[in-house]
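# Summary of the model geometry
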Number of protein chains: 2
Amino acid sequence: MATRTGRSQRRTDALSRERIVEAAVELLDTSGESGLTFRALTERLATGPGAIYWHVANKTELLDAATDAVVAAALAVRPSESPGSPQDEVRAVALGLFEATEEHPWLAAQLATQLSRNPSGTVAPRIFESLGRQVRALGVPEGHWFTATSALMHYVLGAAGQNAANTGSARALGPGTGRAEFLDAVSTAWEGLDPGDYPFTRAVAGQVRDHDDREQFLAGIDLVLTGITALSPPREASPAEKPSRRGGAGRYPPPDE
Amino acid sequence: MATRTGRSQRRTDALSRERIVEAAVELLDTSGESGLTFRALTERLATGPGAIYWHVANKTELLDAATDAVVAAALAVRPSESPGSPQDEVRAVALGLFEATEEHPWLAAQLATQLSRNPSGTVAPRIFESLGRQVRALGVPEGHWFTATSALMHYVLGAAGQNAANTGSARALGPGTGRAEFLDAVSTAWEGLDPGDYPFTRAVAGQVRDHDDREQFLAGIDLVLTGITALSPPREASPAEKPSRRGGAGRYPPPDE
DNA sequence: GTTCCATTGGAACGGCGTACCAGAGGGGCC
DNA sequence: GGCCCCTCTGGTACGCCGTTCCAATGGAAC
């Protein structure tokens, strides 16, 4: 592998797997998933396909590397010393992924695809480990570690995916006010559903219009955390504080744009 | 199947959008996501691309239609008269989707992609409605309906996606015993992770080897249900039974292959 | 100075989704 | 019954994609 840390070769700006992945992420961010082509990549890097294929096996590996890089960055932002409760730590990790899918709308679908292609890759254990440590810190019995952490991870991935969906669609409507317009459109669409087939969905259509994504995401996290902490004490009420909505998370005020 | 219609000009077996979608689902099931091409479709239906494009706008719409058809079928299997508790109903709906992603390994990634492309399509409200009715039946205050149902849906989608991942990879190893071998491979891979970076993941590697997918999925559902039912009674213990693991769900024995 | 080889970039290939089109059939009108 | 028109068909062609192959480059080793 090109671990050769040599200096400038032919090009002054050495081509490296790292630079290629970085360019791929930028391309994905600006042009969407279909915007990442080897031709666009060769143009941006001012090179040819052969040079890229020297560092990367194929497009699948390139997508996996881009996904892994973004996830790793999202999980690495943990502030070095923030001795919050395990619940707060879970919220921080989850919010990191949540925000990553907001910044990179292609991430959610890519995560699903990558997990289904190669579940033993690096990205799943990375997330699993970050969440699992906090589950352990919550005092969950060891026999439930796997189940509890999996449930948490599944919720986070599902919710992040949904949010990426909304964010992407809102962006399509235009920046700035796009999000409000998008929620209004969804709300209106739901209100227009068949009353016989979709009574419940119609009933909550109004709640869609003015909910806050982060708050809703964190509320879901707290639902799962409530279920997980209920696993801890076989008897006697839990001494650990029960998760309260937005508890101690003043660090993440909703972006009141 | 492609009835060998000699060189008949006008076909007797009418081509319809329904037949095309059906063929697309079969193609996806047998050959995976990359197996669905218009060329393969024209061959299987013994026709040309133009005929298909007359009924379907493009490949994206075809994929959406296939996804929608499969999800609709999965949600339609509700036994007409099964007056179980709301918890049991939630489990039944969730298991329907879970099993659909097992039978159609391409479904999970496709759901994520479709939701991110067009969140106001038919598939999201369909799932949302099925789950939401049970949330309402649980006695959740109306102000929490949207949050609770969303959390449930996100967990189900995330977990189903993960399971499809595992199922797909297990199938690649071969039918029958493939699943046990796959779990063993993942478990071994996790045990081989860096002890400094992945202490938790290594610690639960053993639990991976012999867990049951459905049981784990239902346990996660129950975690979320516990959190949701905790929303119901501002005071006084819930009169409804608290969700117990596998409570009353003897209908779904683990497939002890 | 010569050799070597890791690296580069361009040309070419097969397959994909899709646009386009010449016609075939059958139902509605006379 | 004859005609026409409009729905529907299946073939051909195009442009872009991922990928392969290969001649050429130029610093490093001797």
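Residues numbered from 1 in each chain as written. Chains lettered and ligands numbered in written order. Predicted model: local features only at pLDDT ≥ 70, side-chain atom pairs only at ≥ 80, totals over all residues. Heavy atoms only, no water.

Taking an unreviewed UniProt entry as the reference, chain A is identified by name as TetR family transcriptional regulator belonging to Actinomadura montaniterrae.

### Quick word on the overall build of chain A
Within chain A one finds 11 helices and zero strands. When its helices and strands are written in sequence order, chain A yields α-α-α-α-α-α-α-α-α-α-α. Across chain A, the fraction of contacts at a sequence separation of at least 24, relative to all contacts at a separation of at least 6, is 65%. Only carbon and sulfur atoms are counted for the fraction: they give 52% of the accessible area of chain A, which is about 12100 Å². (Helix = DSSP H or I, 4+ residues; strand = E, 2+ residues; numbered from the N terminus. Contact = heavy atoms within 4.5 Å. Areas by Shrake-Rupley, 256 points an atom, 1.4 Å probe, with all protein chains shown as cover.)

### Things to note about the environment of Leu111(B)
All names here are of chain B. Among the secondary structure elements, Leu 111 is positioned in helix 6 (residues 107–117). Overall, the relative accessible area of 6% leaves Leu 111 in the buried class. Separated by 48 residues in the primary sequence, Leu 111 and Leu 63 place their C-alpha atoms 9.8 Å from one another. (Buried < 20%, exposed > 50% of the residue type's maximum accessible area, 1.4 Å probe, protein only.)

### What about the confidence of the model for chain A?
All names here are of chain A. Considering every residue of chain A, the mean pLDDT works out to 84; 82% of them sit at 70 or more. In this model residues 1–9 is a low-confidence stretch, pLDDT under 50, and it forms one contact with partners more than four residues away in sequence or in other chains. Per-residue pLDDT stays below 50 along residues 245–257; that stretch engages in 22 contacts with residues further than four places along the chain or on separate chains. (pLDDT = per-residue confidence, 0-100.)

### Overview of the interface of chain A and chain B
Chain A puts 59 residues into the contact, and the matching count from chain B is 59 residues. Around 4900 Å² of area is buried between chain A and chain B when both sides are counted, 69% of it from carbon and sulfur atoms. The largest per-residue losses of area from chain A upon contact with chain B belong to Phe146(A), Phe200(A) and Leu223(A), which jointly make up 16% of the total buried on that side. Applying the counting criterion to the chain A and chain B interface returns zero salt bridges. Across the contact surface, chain A and chain B share 12 residue pairs in polar contact (both at pLDDT 80 or more). Take the side of chain A that touches chain B: its biggest share by element is 16 residues, from helix 8 (residues 145–172) of chain A. (Buried area = accessible area lost by both parts, 1.4 Å probe. Salt bridge = Lys/Arg side-chain N within 4 Å of Asp/Glu carboxyl O. Polar contact = N/O pair within 3.5 Å; in protein donor to acceptor, adjacent residues only side chain to side chain.)

### Describing the relation of the copies chain A and chain B
Overlay of chain A on chain B (RMSD 0.0 Å): rotation 180 degrees, translation along the axis 0.0 Å. Both chain copies can therefore be described as sitting about a two-fold axis. Most of the interface of chain A is mirrored in chain B: 100% of its interface residues are interface residues there too. (Least-squares fit on C-alpha atoms with pLDDT ≥ 70 in both.)

### Topic: the UniProt feature "DNA-binding region" (unreviewed entry) in chain A
On the UniProt side, "DNA-binding region" (unreviewed entry) is annotated at positions that read residues 37–56 of chain A here. Here residues 37–56 of chain A is 75% helix and 0% strand, with 13 Å between the C-alpha atoms at its ends. (UniProt positions renumbered as here; feature names shortened; annotations may be inferred.)

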